Amino acid sequence: MLSSESGRPPSRPDALEGTIRIAQVVPGSIAADLELEAGSRIVRINGAVVRDSVDFRYLEAEEALQLEVAPAAGGDVVVYEIEKEAHEPLGIVPAADPVRQCANRCVFCFVDGNPAGARRSLHLKDDDFRLSFTYGSYVTLTNLGPKGFARIVEQRLSPLYVSVHATEPEVRERLLGADTGGDILERLRRLLDGGIQVHTQVVLCPEWNDGIHLERTVEDLWALGPGVLSLSVVPVGLTRYNLGRPVRLLTADEAVRAIRATERARERALSERGLGWAYVGDEMFFLAGWPLPPAAYYDDWPLTENGVGAVRRLLDDFETGIAGVPRLDGRRIAIVTGQRMGPVLAPLAERLGGATGGEFRVLAVENGFFGETVTTAGLLAGLDILQALQAAGPFDAALLPAEALNDDGVFVDDLPLGRLAGALPSMRLVPAFELTSALDEL
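Now for a look at the structure at hand. Every value quoted in this text rests on a predicted model; they were computed, and no experiment measured them.

**Some points on helix α8 (residues 252–272)**
- Along its 21 residues, α8 runs 31 Å from first to last C-alpha, staying within 8% of the 30 Å computed at 1.5 Å per residue.
- Packing partners of the buried residues in α8 comprise β9 (198–204), α7 (212–223), β10 (228–235), β11 (278–280) and α9 (282–288).
- Directly beyond the C-terminal end of α8, a positive phi value near 75° is found at Gly 274.

See the structure below:
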């Protein structure tokens, strides 16, 4: 049931401050039936002020709603009475929320490794529990006060992803470059006591939080109980602009020691809880010179988006998909990637050639934007890709790492995919998450 009335004023003069705007209305939805418009503001739902999109999603789940909307064109607030199925969405896409920024000065902060002139968004350091819940980004919890903890528990924002780095107070504060945040175990207990589960992470910095400090962190997090769903240990990543200032990269031996420390934790976790619990990032295996573990290592793949198991998934997807690849006889195709993945993809390219009749070449591009220490495909700049393709071509087509592009089709150096395509008019460019499925677009 839908109804509306206009002329109802806000309960206080500042009621519109901090409310959210409607970015889009989904066709055929309840919001479309109400003729809500993009640009209007959601003021309150059932009397509660809507502070952000998380509030909105939480409040709209009720069956009976009193929705107060300030029209985009101005005028009185309109009140809509709505009855619907529980958890049925209204069909409102909220505008993006302002991001809560990080006040820490982490010694390994990747933002400090940006080149001069990098676009403004690359300098945004988020530490926002809302993004942690919705997108799986890691937060330190250092900017979370009593109201924030209460909201997380009330709205059941679980699981969260927490950057722990070290559980010893003085070590963590030194890493964060702040005199707060050392009480991470107390903060985690508050979440766990409220029924919130967490995934935890350690960015491993040699001579800062490795060795006995890592072992202490593993023990402390395990002791918190099963509400700590996982611990991932990933090696610090540095660019040419912050290398050695003051952190350096891990050596192969240090990577091996980190893997062995997590393996001891995994043995206990598998014995007591039936899952691995502790994982290291893909890059750690590369640094150590160890083979990647099989799929079983990653349990139900909880951390793929954070570089834990992404390469194994790519390899397994390739084995599944190669049987169905199309014929590409005589076509010359580049597989663009970062330098780390070049040796991994080379044998796959050879197999693709045999299965399709095409000629595949892996193009492992050196990162000129961030420097040679950055070897992942997801941080390749558009200009670096363009120069590599021009130097190595001609190709009929190129498979690009889709993770190197923003949602709006722009590379990290602000080069749009369209401009890259315009500079290579005779080449078909296909952003690809999976090698085999992308071939259908060639």
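That covers the picture; the talk isn't over yet.
**Concerning the side chain of Thr 337**
- Within the element layout of this structure, Thr 337 appears in strand β12 (residues 332–338).
- If near-sequence neighbours (up to four positions away) are discounted, Thr 337 is found in contact with Gly 342, Leu 345, Val 362, Leu 363, Ala 364, Val 365, Ala 377 and Leu 380.

**Description of the pattern of salt bridges**
- Inspection of every chain in the model, using the stated rule, returns 20 salt bridges.
- Here Arg 130 ties to Asp 128 by a salt bridge, and the two come within 2.7 Å at their closest N and O atoms.
- Residue Arg 187 pairs with Asp 183 through a salt bridge whose shortest N-O separation is 2.9 Å.
- Relative accessible area serves as the criterion here: at 30%, Asp 183 is assigned to the partly exposed category.
- Each member of the salt-bridge network shares a partner with another, and the members are Arg 51, Asp 52, Asp 55, Asp 128, Arg 130 and Arg 151.

**Quick look at the nonpolar core**
- Of all hydrophobic cores here, the largest spans 91 residues; its most connected members are Leu 188, Trp 277, Met 284, Ile 335 and Leu 399.
- Per-element accounting of this core gives the leading share, 7 residues, to α8.
- Those residues within four positions of Trp 277 in sequence are excluded, and the remaining contacts are Val 218, Leu 221, Trp 222, Val 228, Leu 229, Ser 230, Leu 231, Ala 265, Ala 269 and Asp 299.

**Quick notes on the sheet that holds strand β15 (residues 428–432)**
- Taken together, 4 strands build an open sheet; the order of strands is β13-β12-β14-β15 and the sheet is parallel. Of all strands in the sheet, those with a lone pairing partner are β13 (359–365) and β15, marking the two edges. On average, each strand axis in the sheet is inclined to that of its neighbour by 25°, with strand direction left out of account.
- Sheet topology places β12 next to β13; 7 bridges connect them, and they run parallel. Across the sheet, residue Val 336 finds its bridge partner in β13, namely Leu 363.
- Helix α11 (residues 342–356) contacts β12 and β13 of the sheet and is inclined by roughly 165° relative to β13.

Reading the values: rules and limits
- Residue positions are given per chain, counted from 1 along the sequence in the order it is written.
- At least 70 in pLDDT is required for a residue's local features to be given in this predicted model, at least 80 for side-chain atom pairs to be given and counted, and no such filter applies to totals for whole chains, interfaces and linings, which use all residues.
- Computation of side-chain values: all heavy atoms of the structure, hydrogens and water removed.
- Numbering goes from the N terminus for both helices and strands, where a helix is a DSSP run of H or I of at least four residues and a strand is a run of E of at least two.
- Between the first and last residue of a helix there are one fewer steps than residues, each counted as 1.5 Å, and that sum is the expected span.
- Contact between two residues is taken to exist if any of their heavy atoms lie within 4.5 Å; hydrogens are not considered.
- We define a salt bridge as a side-chain nitrogen of Lys or Arg found within 4 Å of a carboxyl oxygen belonging to Asp or Glu.
- Residue burial is assigned from relative accessible area. The probe radius is 1.4 Å, only protein chains are included, and a residue is buried under 20% of its type maximum, exposed over 50%, and partly exposed in between.
- The nonpolar core is taken to be a set of buried Ala, Val, Leu, Ile, Met, Phe, Trp, Tyr and Cys residues, with the residues joined through side-chain atoms within 4.5 Å.
- Strands pair, by our definition, only if DSSP identifies at least two bridges between them.
- Axes here refer to lines fitted to C-alpha atoms; in helices the fit is confined to the stretch in contact. Angles between the N-to-C directions go from 0 to 180 degrees.

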